[in-house]
Amino acid sequence: KAAGRGTYRVFDAGAQARATTRSQLALDMKDGIRRGDFRLVYQPVIDLTTNRVTSFEALMRWQHPSRGPVPPGDFIPVAEETSLIVPLGAWALREACREATTWPDHVRVAVNVSALQFRTGLEEAVIQALALSGLPPCRLKLEVTESVLMTKSEHGLATLHRLRAMGLRIALDDFGTGYSSLSYLRRFPFDKIKIDRSFISDIHDPDAAAIVRAIVGIGERLGMGITAEGIETPDQLARIRQEGCTEVQGFLFSRPLPPDEARRFAERDGGVPDGIHGRLLRRA
Ligand code: C2E
Ligand code: MG
Ligand code: MG
Ligand code: MG
């Protein structure tokens, strides 16, 4: 085995190492799911018109027994390739819905969903998560990327319509990074469009700001709300506000939080007249 690896190294050490890491991750993932090494953390989304938390986005974390924390950017693609995203995603839905029942009634939970889940039992998983938790469907939001609508079949679209008819909210994630994003806005009436973080980190650039303003305008005309993700600085907040964006998410307000901290964040924020971010938001 060691000799084999040595032989590969001569040709392309990097590619071989990456392939090995991926197939090893795939193997470890099965054990990890069984052992309960996956967790959800929750990042608040804030409405600038009320300075209150409107929802939390559930984000998956994997604490690997020997590698330590593995970032979702590394393990989600592996989970998709191996189809393990189907049971893992169903678990995330159950877990997020259960957690959301401990928050104030007006606070929703958003769960990211991969395209493969749409083709493999997503509706059943949603129905089960809602039934087990007792969470009203209107408090569950799914975040999808345009890949869900990219397949030629109408299956993804039909599924989105049925989920919406059940009372769920649907958000289009990472908007502006794909191939032909505007055409997808005509195919489905999303409740929210989440502007990709790359536009926010470039917002000091007048061209990026112009694009954000245009997206906000399109959202208004189409009746879709806009969320700006990845706000890190007061300057970015001030600029995003100037472009008419009213819902925000980012490290400036909070990192993704473990469940108990998210719960405290929601309770505290709901109890104070101006919301705990009032001062921070007014300053910017
Ligand atoms: P996403 O859905 O676009 O989630 C937003 C990502 O941006 C999260 O990364 C979040 O931690 C990060 N973020 C939030 N605010 C800031 C900020 O101010 N600055 C910076 N630099 N980053 C910020 P994370 O948790 O690493 O997740 C990455 C991606 O992995 C997610 O992007 C999503 O596409 C995917 N993912 C995470 N959890 C799940 C899941 O349960 N299911 C599926 N299918 N995908 C997931
Ligand atoms: Mg998301
Ligand atoms: Mg995103
Ligand atoms: Mg993403």
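The chain appears in an unreviewed UniProt entry as EAL domain-containing protein from Methylobacterium nonmethylotrophicum.

(A) Broad picture of the coordination of the magnesium ion (ligand 2). Protein-derived coordination of the magnesium ion (ligand 2) comes from Glu57 (OE), Asn112 (OD1), Glu143 (OE) and Asp173 (OD), at a distance range of 2.0 to 2.2 Å. In this structure, the magnesium ion (ligand 2) is positioned 4.1 Å from the magnesium ion (ligand 3), and both are ligated by Asp173. Taken as a pair, Glu143 in strand S5 (residues 140-144) and Asp173 in strand S6 (residues 169-175) lie far apart in primary sequence, 30 residues in all. The class for Asp173 is buried, based on a relative accessible area of 8%.

(B) Structural detail: the side chain of Thr227. Looking at the element boundaries, Thr227 is found in strand S8 (residues 225-229). In this structure Thr227 comes out as buried when scored by relative accessible area, which is 3%. Side-chain polar atoms of Thr227 contact the side chain of Glu247, separated by 2.7 Å. Ignoring anything within four residues of it in the chain, the contact list for Thr227 reads Val45, Lys192, Ile193, Lys194, Ile195, Cys245, Glu247, Val248 and Gln249.

What counts as what
Residues numbered from 1 in each chain as written. Chains lettered and ligands numbered in written order. Predicted model: local features only at pLDDT ≥ 70, side-chain atom pairs only at ≥ 80, totals over all residues. Heavy atoms only, no water. Donors = N, O, S within 2.8 Å, 3.2 Å for Na, K, Ca; no water. Helix = DSSP H or I, 4+ residues; strand = E, 2+ residues; numbered from the N terminus. Buried < 20%, exposed > 50% of the residue type's maximum accessible area, 1.4 Å probe, protein only. Polar contact = N/O pair within 3.5 Å; in protein donor to acceptor, adjacent residues only side chain to side chain. Contact = heavy atoms within 4.5 Å.

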